[in-house]
2 protein chains.
Amino acid sequence: MKILVDAMGGDNAPAAIIEGVVAALNKNSEIELVLCGRQNEVEAELKKYTYDKSRVEIVDCPDVIDMNDIPTEAVRRKGTSMMTAYWMLKKQEELDAFVTAGSTGAAIAGGQLILGRIKGVKRPALCCMIPNVSGEEGKKTLLCDCGANAECKPIMLCQFAVLASAYASVAFGIKHPKVGLLNNGTEEHKGDPLHQETYKLLSSIDCINFIGNVEGRDTLIGDVDVVVCDGFSGNIAVKSIEGTAKMMLKVMKKQFTSSLSSKIGSLFLLGAIKRMRTELDFEKIGGAILLGLKKPVIKSHGSSKASAIEAAINDAYMAVKSNLVANVAGNLEKIDLDNLVKSEEE
Amino acid sequence: MKILVDAMGGDNAPAAIIEGVVAALNKNSEIELVLCGRQNEVEAELKKYTYDKSRVEIVDCPDVIDMNDIPTEAVRRKGTSMMTAYWMLKKQEELDAFVTAGSTGAAIAGGQLILGRIKGVKRPALCCMIPNVSGEEGKKTLLCDCGANAECKPIMLCQFAVLASAYASVAFGIKHPKVGLLNNGTEEHKGDPLHQETYKLLSSIDCINFIGNVEGRDTLIGDVDVVVCDGFSGNIAVKSIEGTAKMMLKVMKKQFTSSLSSKIGSLFLLGAIKRMRTELDFEKIGGAILLGLKKPVIKSHGSSKASAIEAAINDAYMAVKSNLVANVAGNLEKIDLDNLVKSEEE
């Protein structure tokens, strides 16, 4: 399996990207990686590590997309690591997926305009995993869209539900993932017209297991597998979760080192604190998959460290291995979206 | 000072309400409380405690508003504890404020339709306090609107900014509270048309210290005092924060009791964990003040325990003591909202 990696994307590129790349290579012998970036910088980082060189290829890209670049303009700029990767992904059949920690807006624009959407998909959506303590250890909720589309129509939210439901089946091995609509209350009439109409449409789609409206807390503590939302609300939710986690860890650290007694206690708890961080896995929260594109694209958090990049490469591997795109396309065909829209308009 | 309390509102009424009422009475000799509720039930609870009986009055209300009641209908139902309190608050000058843990929708409807708004206020807003670790210990951020108005216009968000800014001045003693607009990114052009227009309007209001767009995490870890948002986004934010906190405390508890070593460690940390809970103060997060009404109304979380009710009564006391409503009205007069709207429409 061949996965493209944007070696220059994100705040810690290329050092953290290459460290993650090497870790992924050394753990998974099935993957080959194609690194897009400034050849000399990438080579200088690679030199620091031991790995199977036969499974790495570098594609020299002189330019990098900045977080401040306007996405639709960035797409047209030639020679950037991200857009070079997208063009290769589109044109070369043997390339299976793409991982980037670069600009989210540019990654979405490149995915739409260069790689292209699965037939029938109106807009790709960003889908991220959130730890959820309602079930077995390791349970996660998919939140979709967590930021690609600030403005949505009901039909788009329905597509997000179908896309993310197919992903949940594949990623979690659940046959009928529970799909909830993120709203400001659980009652059917809740929300603005967008959410009220979406509720009606979702209720009429047979191929998903729609359980009704859910609230912000349900993503983390509710019995739900997929939480569907517009990209504006999704962004607010993800960043509120991230902020709360950071705040709590900061307060915990402060209190746990505030006295001799608590310092002693913390020593006994080193293992538990480490397991807690692993279980919560906040490094990965910023990472998301772009659903609805012709091949899997993983958008890692801009501040990704090596472990997040390694995890993103692993997510890409899992998506390819499980035939995610074919599964998603198959599910999309089961719903007659045009008909849904028509019945909605009548 | 005389404060009305809805003795029947919330999941744990009347027991938890009365426990909180007695705690507040015993700590603050300046307050007198008027309890609206079923007299026999309220008296039965009161009998369990020792307190200054001369500062408590019961108003017998046979009916209670249910969480499932439709707010606009609930307002018209006579004899409910919440609406009786609102009518008394409106008509009796010596009554200063109202605390309820009952239905949020009914509390907003009653506030608007019975008590009435401050002159010029288009819609009252729910404003809650979130712990923030960016500054000194005990720093909080006000999030407004956190759920009263699912659908907003730019002018409403501007009013929320003015209302919450005045409250922050009073509650935190800050002269020029930093006001941010909750958006899906910090750049000026971010968000849907509602947020783009609001950004422009907020930039033109002199009496608030507008610092631009903020993201979901800034409420908790950013250098900001007031975060303005539409009630839909605000509800998503607050409930995501609540869910994350609950999830993390659950994981922490599990890990901290998972082995003998961690159990020993936890014993040393009892004090630190208690301080952490106090600092984070999640019991109070659900509590909010309804801004824009003619007298202070505190809406406590439906699942409020006694400590949250006591805190809510204290919030009401502080709001009255600091002349919050007069301050808010004064600030509102400084901005020429009609003119703002006109210049916006041109």
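Above this text sits the structure in question.
Residues numbered from 1 in each chain as written. Chains lettered and ligands numbered in written order. Predicted model: local features only at pLDDT ≥ 70, side-chain atom pairs only at ≥ 80, totals over all residues. Heavy atoms only, no water.

### Concerning the overall build of chain A
Step number 1: For chain A, the helix and strand inventory stands at 14 helices and 11 strands.
Step number 2: Dimensions of chain A, computed from C-alpha atoms along their principal axes, come out at roughly 65 × 60 × 35 Å.
Step number 3: A buried classification covers 58% of the 346 residues belonging to chain A.
Step number 4: Considering only contacts within chain A whose residues lie at least 6 apart along the sequence, 72% involve residues at least 24 apart.
Step number 5: As presented, chain A carries roughly 14300 Å² of accessible surface, and 49% of it is formed by carbon and sulfur atoms.
Step number 6: Placing the 41 positive and 44 negative side-chain charges of chain A at their respective mean positions leaves the two points 4 Å apart. (Helix = DSSP H or I, 4+ residues; strand = E, 2+ residues; numbered from the N terminus. Buried < 20%, exposed > 50% of the residue type's maximum accessible area, 1.4 Å probe, protein only. Contact = heavy atoms within 4.5 Å. Areas by Shrake-Rupley, 256 points an atom, 1.4 Å probe, with all protein chains shown as cover. Lys, Arg positive; Asp, Glu negative; His and termini not counted. Charge placed at Lys NZ, Arg CZ, Asp CG, Glu CD.)

### Describing the relation of the copies chain B and chain A
Step number 1: Between the two copies, chain B and chain A, the superposition gives an RMSD of 0.1 Å; the rotation angle is 180 degrees and the shift along the axis is 0.0 Å. In short, the pair behaves as if placed about a two-fold rotation axis. The position closest to the rotation axis in chain B is occupied by the C-alpha of Gly 265 of chain B, lying 1.9 Å away. (Least-squares fit on C-alpha atoms with pLDDT ≥ 70 in both.)

### With respect to the pairing of strand 5 (residues 125-131) of chain B
Residues and elements named next belong to chain B.
Step number 1: Taken across its seven residues, strand 5 has six buried, putting it largely inside the fold.
Step number 2: The sheet contact formed by strand 5 and strand 10 (residues 288-291) spans four bridges and is antiparallel. Paired with Cys 128 across the strands is Ala 288, a residue of strand 10.
Step number 3: Note that strand 5 and strand 6 (residues 140-144) share five bridges and pair antiparallel. Considered in strand 6, the bridge of Met 129 is made with Leu 142. (Pairing = 2+ DSSP bridges.)

### Here's the deal with the sheet that holds strand 7 (residues 178-182) of chain B
Residues and elements named next belong to chain B.
Step number 1: Pairing in this open sheet of 11 strands is mixed, and the strands run 3-2-1-4-11-10-5-6-9-7-8 from one edge to the other. Either end of the sheet is taken by a strand with one partner, and the two such strands are strand 3 (56-60) and strand 8 (209-214). Strand-to-strand twist across the sheet, computed as the mean angle between neighbouring axes with direction ignored, equals 25 degrees.
Step number 2: Across the sheet, helix 1 (residues 15-27) is in contact with strand 1 (2-6), strand 2 (32-37) and strand 3; its angle to strand 2 comes to roughly 170 degrees. (Axes fitted to C-alpha atoms, helices over the stretch in contact; angles between N-to-C directions.)

### Points about the sheet that holds strand 6 (residues 140-144) of chain A
Think of a sheet as strands paired side by side through backbone hydrogen bonds, with each pair either parallel or antiparallel.
Residue and element names in this part refer to chain A.
Step number 1: In spatial order, the strands read 3-2-1-4-11-10-5-6-9-7-8; together these 11 strands make up an open sheet with mixed pairing. Sheet topology places strand 3 (56-60) and strand 8 (209-214) at the edges, where each strand pairs with a single neighbour. Averaged over all adjacent pairs, the angle separating strand axes in this sheet is 25 degrees, with direction ignored.
Step number 2: The pairing of strand 1 (residues 2-6) with strand 4 (residues 97-100) spans three bridges and is parallel. Looking across to strand 4, one finds that Ile 3 is bridged to Ala 97.

### Quick word on the interface of chain B and chain A
Step number 1: Taken together, the contact pairs 55 residues of chain B with 55 residues of chain A.
Step number 2: Buried area between chain B and chain A, both sides added, is near 5000 Å², and the carbon and sulfur share of it is 68%.
Step number 3: One can count six salt bridges joining chain B with chain A.
Step number 4: At the surface where chain B touches chain A, the tally comes to 10 residue pairs in polar contact (both at pLDDT 80 or more).
Step number 5: Residue assignment for the side of chain B that touches chain A shows that the elements contributing at least two residues are helix 7 (193-203), helix 8 (218-221), helix 9 (231-256), helix 10 (260-268) and helix 11 (270-280) of chain B.
Step number 6: With 22 residues, helix 9 of chain B is the single largest residue contributor to the side of chain B that touches chain A.
Step number 7: For the side of chain B that touches chain A, a count of residues per class yields 26 nonpolar, 16 polar and 13 charged. (Buried area = accessible area lost by both parts, 1.4 Å probe. Salt bridge = Lys/Arg side-chain N within 4 Å of Asp/Glu carboxyl O. Polar contact = N/O pair within 3.5 Å; in protein donor to acceptor, adjacent residues only side chain to side chain. Nonpolar A, V, L, I, M, F, W, Y, C, P; charged D, E, K, R; others polar.)

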